[in-house]
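A structural walkthrough
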Amino acid sequence: MGRARTLAQVYRRFGEVDAAGTSPLYERVAVALAESDEALRAIETAPARRRHPTVILAALHDLALAGHAPALAAAYAAADGDAAGAAIDTLLRMTDAVVALAVRRRPRTDETGRCAVLYPAIAEAARRVGADTVGLIDVGCSAGLNLNVDRVGVTYDDGRSLGDPSSPVQMSSSVVGDRPVPAWAMPEVVARVGVDVDPVDVTDADEARWLRACLWPDQPELAARLEAEMALAATAPPLLLRGDAVEGLPDAFAQVPADVLPVVTTTWALSRLSLESRLRFLQRLDKAATGRAVAWVSAEGVGVAPAIPTFGDRPASGHSIIGVALFGHSALRAEAVGRCWSRGRMVSWLADS
């Protein structure tokens, strides 16, 4: 019972805090799950680390999208009050299938919203090095959607635009503060490489459906953007390497020609690593800079990215630090160039450009 009460609290908090104001549908579903002893017992048949609402709700959504739970699919499509009951009924009838998905899959958060942060930071790194071509290496890439950063259009609410205005993927971001985001154009991208412990192939129907399942059903704008992102990625799929942030880097660097600036990007990926692993990651970047410059662009929580200053901000302060680090000639130049909120939906550029 103690475990059930704890799990109930997790689901109630997810509904009343995490989903509240963003997804009314998931708010109702999560609270209903928290109040159902049968549902909690079904969830508890999953391993402890696979019981989180983001995992279980994505598994239920996947079954609905696959056509295995038509009543749930209809309720989600209508976003009506029956969704909570349909979710509980599906969970109880298909517990084994839900748990199997929860065990096999990881929740995904592939958002091109990150491009509002990545585009100007990559362009700034290339400008500082004087590079006219870059090779992008996205660590913790999932489906590698961020590797198309130069192929999307980004509009800031101060009227400034970056990227491709004709791209099928368009996104917007708010600028915080008086300093505009720099308007430098990214140089030509000649290599796109992703590194992930479990990369997602958007050309695979099952894996693409899982990406859709990780979105909340009552967010049609995000769903439409994901479809556009996946279609864009499928036109020129990047090279995705299976490996972690440390061990996978050498193979990734090998894919970037010697006369091209490798730009490694991490967006909320290093927090999954221990401090020791993060320091080893930094060492890998330094080692790769033997004989050529290497750039690292990061958007990580305050204090997460080693060597990147924090403006004196407190950890867990609700925003992230945008960092640009340049390696070469046995030297490291690391600077915090700005802050961002909500995974790039709000950006504050602070560096001199």
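**Some thoughts on the packing of helix α4 (residues 53-65) against helix α7 (residues 95-104)**
At a minimum axis distance of 9 Å, the contact between α4 and α7 shows a crossing angle of 120°. α4 and α7 meet at a crossing whose hand is right-handed. Residue-level inspection shows Val55, Ile56, Ala59, Leu60, Asp62 and Leu63 of α4 in contact with α7, the latter providing Ala97, Val98, Leu101 and Ala102. For the contact of α4 with α7, the class distribution of residues is nine nonpolar, no polar and one charged.

**Section: the pairing of strand β11 (residues 346-349)**
Bridging between strand β4 (residues 170-175) and β11 involves two bridges; their strand directions are parallel. Bridge pairing in β11 places Ser174 opposite Met346. Between strand β10 (residues 331-341) and the antiparallel strand that follows it, β11, lie four residues; Ser342 among them carries a positive phi value of about 50°.

**Some details on the sheet that holds strand β3 (residues 161-163)**
What the eleven strands build is an open sheet, ordered β3-β2-β4-β11-β10-β9-β8-β7-β1-β5-β6; its pairing is mixed. Of all the strands in the sheet, the pair left with one neighbour each is β3 and β6 (239-242). For this sheet, the mean inter-axis angle between neighbouring strands, taken without regard to orientation, is 25°. In this structure, strand β9 (residues 320-328) lies alongside β10, joined through nine bridges in antiparallel fashion. Looking at the pairing, Ala325 lines up with Ala334 of β10.

**A closer look at the environment of Gly328**
For Gly328, the position within the fold is in strand β9. A relative accessible area of 16% places Gly328 in the buried class.

**Re the pairing of strand β8 (residues 294-301)**
Across a regular strand the side chains alternate sides, sitting on one face of the sheet and then on the other. Judged by how many residues are buried, β8 sits mostly within the fold: seven of eight residues are covered. Bridge count between strand β7 (residues 261-267) and β8: five bridges; the pairing is parallel. Bridged to Thr265 within β8 is Val297.

**Some words on the pattern of salt bridges**
Across all of its chains, the model carries 18 salt bridges by this definition. Across the salt bridge formed by Arg212 and Glu227, the nearest N and O atoms sit 2.4 Å from each other. Taken together, the residues Arg212 in helix α9 (residues 205-213) and Glu227 in helix α10 (residues 220-235) connect sequence positions 15 residues apart. Of the residues examined, Arg212 reaches a relative accessible area of 29% and is grouped as partly exposed. Through salt bridges with shared partners, one network takes in Arg106, Arg108, Asp196, Asp198 and Arg242.

**A short note on the environment of Ser277**
With respect to the helices and strands, Ser277 occurs in helix α12 (residues 275-288). Overall, Ser277 belongs to the buried group, its relative accessible area being 18%. Sequence spacing of Ser277 and Asp244 is 33 residues, and the spatial spacing of their C-alpha atoms is 9.9 Å.

**A word on α12**
Its 14 residues place the ends of α12 20 Å apart at the C-alpha level, agreeing with the 20 Å of an ideal helix rising 1.5 Å per residue. Of the positions making up α12, those classed as buried are Ser277, Arg278, Phe281, Leu282, Leu285 and Ala288. Seen along its axis, α12 keeps its buried residues to an arc of 150°; they face one direction. Exposed side chains of α12 directed beyond 90 degrees from the buried face belong to Leu275, Glu276, Gln283 and Lys287. The inward-facing, buried residues of α12 abut β1 (133-139), α11 (249-253), β7, β8 and β9.

Cut-off values and rules
Residues numbered from 1 in each chain as written. Predicted model: local features only at pLDDT ≥ 70, side-chain atom pairs only at ≥ 80, totals over all residues. Heavy atoms only, no water. Axes fitted to C-alpha atoms, helices over the stretch in contact; angles between N-to-C directions. Helix = DSSP H or I, 4+ residues; strand = E, 2+ residues; numbered from the N terminus. Left-handed = near helix turned anticlockwise from the far one by under 90°. Contact = heavy atoms within 4.5 Å. Nonpolar A, V, L, I, M, F, W, Y, C, P; charged D, E, K, R; others polar. Pairing = 2+ DSSP bridges. Buried < 20%, exposed > 50% of the residue type's maximum accessible area, 1.4 Å probe, protein only. Salt bridge = Lys/Arg side-chain N within 4 Å of Asp/Glu carboxyl O. Expected span 1.5 Å × (residues − 1). Arc of directions from axis to C-beta.

Read these as spatial facts, not as claims about activity.
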